[in-house]
Every structure is written in structure tokens, then in C-alpha cells.
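# Survey of secondary and tertiary structure
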Amino acid sequence: MVKTITEALEYYSSREQEIRSFGGAILKERVNPLVGLDQVVRGLGLSRSYTDFVSQYQVEGVSLGFFDLCPGDNVSVLDSLRELNGQFQNPLLPDNLVNVASFEADVIGIAKASPYHGDGSVYFVDITTAPGARVRPLASTFENFIVLASALDKIVVEETDNPTSAIIELALDIGA
């Protein structure tokens with residue numbers, strides 16, 4: 001089971017050929033620095049947990065199972081963030097969250113940087129099954145969210161004999 005970011009990177013590295021055959025990109029360390037990240041951080045109030053992650057790892061074109069890490073413009077995470085939180089912002093997204101990823105048509109939001117959410121807690125914002133948005137906590141940091149999403153993806157892909165027990169084990173490991 002995936003329990004660390006290193007294990008997540010190793011898992012996706014082992015699946016690189018398969019993922020690329022579908023036209024996707026894999027989760028891996030970023031080769032070039034993100035120029036312009038500081039302006040986007042100031043404009044949106046992005047937390048350090050998210051900015052540290054996208055500074056270090058490529059998210060453009062990357063999906064972890066049903067989680068799309070760059071749902072707007074899949075070429076530039078900065079353009080994606082500007083689009084999803086500007087002109088194309090979902091009106092159901094709470095004001096204290098920044099749209100950073102998606103799960104199918106729902107939103108994965110990260111708490112805006114503030115004294116109370118400096119680490120950038122991650123939330124699932126269900127906008128498809130109810131008249132209003134329902135917000136559910138997912139992880140205390142963006143990196144923890146990536147580990148969780150990677151572990152769930154691996155459980156599904158490997159068709160684990162007992163997915164329920166694997167998910168319960170995962171929940172116990174992350175303290176859910």
C-alpha cells in the first residue's frame with residue numbers, strides 16, 4: 001500500500017508506459033521551476049502545502065485515478081489555477097477554499113492561507129449530488145492528499161482481493 005510520497009512516485013514510475021499509452025503524464029519531480037508561482041500565490045491565497053508540492057512535483061496532465069491534479073489548463077498549473085479560481089470559478093465553491101484539483105465533476109479545494117489553515121487542509125467539495133455544496137475534509141496537507149489518492153488508485157488498479165479491508169487499513173494509517 002502507498003504510504004509516503006516516495007512510494008507514490010515509485011508506484012507511478014512503475015506504471016509510466018501504461019499511463020503514457022493513454023496520453024497521460026505521471027506524477028514525478030518537476031524538472032523546470034514554476035515561473036510566476038509567487039504572483040498566483042499572492043492573488044489566490046494559496047497555502048504553503050500546495051505551493052511547496054507543485055514547485056517540486058509535476059501536476060500538469062496528471063490524474064491519480066479519478067483525481068485530476070490540473071483540471072483546467074492541463075499544460076500549465078498556473079493557468080489552470082487562474083481559470084478555476086477566476087473566470088470559470090464554480091459559484092458553489094466556498095470563499096475560504098481554492099480550487100486546485102477535481103474528482104470527476106466535483107472540486108478538490110485547499111484552504112486559503114491564514115493563521116488557522118497555514119498548512120493548507122484539503123477538502124472534497126461535492127457539487128454534483130446536492131443543491132448546495134457539501135464540504136468534506138480529506139487531508140491535512142496537499143502531500144497527504146496525494147498519498148491518499150495514490151493509495152486509492154493502487155487499490156483500484158490492482159483489483160485488490162478485499163478492497164474494503166484495504167481502504168479500512170488506509171483509513172487507519174492516515175488517522176481517519
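Residues numbered from 1 in each chain as written. Predicted model: local features only at pLDDT ≥ 70, side-chain atom pairs only at ≥ 80, totals over all residues. Heavy atoms only, no water.

### Observations concerning the packing of aromatic side chains
Here the distance between the centres and the angle between the planes together describe a pair of aromatic rings. Going through the model one piece at a time under the given rule, you end up with nine aromatic pairs. Geometrically, the ring pair formed by Tyr50 and Phe142 is edge-to-face, given 4.8 Å between the ring centres and 80 degrees between the ring planes. Of the two residues, Tyr50 is situated in helix 4 (residues 48–56) and Phe142 in helix 6 (residues 142–157); the sequence distance between them amounts to 92 residues. When its relative accessible area of 0% is taken as the criterion, Tyr50 is described as buried. When the centroid spacing of 5.2 Å and the interplanar angle of 85 degrees are considered together, the rings of Phe67 and Phe145 count as edge-to-face. Of this pair, Phe67 sits in strand 4 (residues 67–68) while Phe145 sits in helix 6, placing them 78 residues apart in sequence. Look at Phe67 and you get buried, because its relative accessible area is 11%. (Phe/Tyr/Trp six-rings, centres within 6.5 Å; stacked < 30°, edge-to-face > 60°. Helix = DSSP H or I, 4+ residues; strand = E, 2+ residues; numbered from the N terminus. Buried < 20%, exposed > 50% of the residue type's maximum accessible area, 1.4 Å probe, protein only.)

### Focus: the pairing of strand 7 (residues 122–126)
For strand 7, the buried fraction is high: five of the five residues fall into the buried class. Burial along strand 7 is two-sided: Val122, Phe124 and Asp126 and Tyr123 and Val125, pointing in opposite directions, are all buried. Judged from the five bridges that link them, strand 7 and strand 8 (residues 134–139) form a sheet pairing that is antiparallel. Bridge pairing links Phe124 to Arg136 in strand 8. (Pairing = 2+ DSSP bridges.)

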